[in-house]
Structures are given as C-alpha cells and as structure tokens.
Amino acid sequence: VYRLDQEWGRWVDVKNLGDQVFILSNDGSFAVSTRDVGRVKGNCILFTDQKLPHLHGIGGSKRCNTRVFMLE
C-alpha cells in the first residue's frame, strides 16, 4: 500500500494503517477509524463491487460482495 506525499510528489510505502480501515467501492474511497465503527478490526482494506446503500440514503440492507485485505 502506498500513499502520496504531496509535498515531495512521491509515493511512500505504508506498512501499517493503525486503527484505520480503508474502504474502496464503486462510490469512492474513504478511511474510517475503528473508534467510529463497531466490530471492525483496523489495519485493513475493504473492497466492495457494489454501491453502498447508506451512501445513497436507501433504507434496508443490500448485500455487497466484500473482500478484506489485512496489512499484517
């Protein structure tokens, strides 16, 4: 995993996300802290191939095909 160091204009290797979870979906990408989300372990990336219903204000539960990549 890499992050962009905007000041130096280069990619930096990231070995640990700490308590952060990075979520990649068709809707976009964002990070959340495990302190803000229950039942989620940090230092991982979640990949989903469907739109996340809560981002569109749609009620009910829609199943998403989700995969997890643990950095450890």
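Residues numbered from 1 in each chain as written. Predicted model: local features only at pLDDT ≥ 70, side-chain atom pairs only at ≥ 80, totals over all residues. Heavy atoms only, no water.

Trainee: Which residues make up the pairing of strand S3 (residues 20–25), and what are the values?
Mentor: Look at any regular strand and the pattern is simple: side chains alternate between the two faces of the sheet. Here S3 shows a buried face lined by Val21, Ile23 and Ser25 and an unburied face lined by Gln20, Phe22 and Leu24. With six bridges connecting them, S3 and strand S4 (residues 28–33) associate as antiparallel partners. What sits directly across from Val21, in S4, is Val32. In sequence, S3 turns back onto S4 through a hairpin of two residues. (Buried < 20%, exposed > 50% of the residue type's maximum accessible area, 1.4 Å probe, protein only. Helix = DSSP H or I, 4+ residues; strand = E, 2+ residues; numbered from the N terminus. Pairing = 2+ DSSP bridges.)

Trainee: Before we move on, could you go through the pairing of strand S5 (residues 44–48) and cite the residues and values that matter?
Mentor: Where S3 meets S5, four bridges bridge the pair, whose relative direction is parallel. Each residue of the ladder has a partner; that of Phe22, found in S5, is Ile45. Of the pairings in the sheet, the one linking S5 to strand S6 (residues 66–70) comprises five bridges and is antiparallel in character. Opposite Thr48, over in S6, you have Thr66 as the bridge partner.

Trainee: Please provide a residue-by-residue account of the sheet that holds S6, values included.
Mentor: Strand order in this open sheet of four strands is S4-S3-S5-S6, and the pairing throughout is mixed. Looking at which strands have only one partner, the edges of the open sheet turn out to be S4 and S6. Here the average twist between neighbouring strands, direction ignored, is 20°. (Axes fitted to C-alpha atoms, helices over the stretch in contact; angles between N-to-C directions.)

Trainee: Could you give an account of the side chain of Ser33, with specific residues and numbers?
Mentor: Here Ser33 shows up in strand S4. Judged by its relative accessible area of 7%, Ser33 falls in the buried class. The residues touching Ser33, leaving out its near neighbours within four places in the chain, are Asp19 and Gln20. (Contact = heavy atoms within 4.5 Å.)

Trainee: I'd like to hear about the environment of Leu4, residue by residue, with values.
Mentor: As for its placement among the helices and strands, Leu4 is situated in strand S1 (residues 2–5). A residue is classified by how much of its surface remains accessible, and Leu4, at 39% relative accessible area, is partly exposed. Other than its neighbours up to four places away in sequence, Leu4 contacts Gly9, Arg10 and Trp11.

Trainee: Can you tell me about the pattern of salt bridges, naming the residues and giving the values?
Mentor: Pairing of side chains with opposite charge becomes possible as their charged atoms draw close. In this structure the tally under the stated criterion is three salt bridges. Residues Lys41 and Glu72 are paired through a salt bridge, measuring 3.4 Å at the closest nitrogen-oxygen approach. Within this pair, whereas Lys41 is found in the loop between S4 and S5, its partner Glu72 is found in the segment after S6, the two being separated by 31 residues in sequence. (Salt bridge = Lys/Arg side-chain N within 4 Å of Asp/Glu carboxyl O.)

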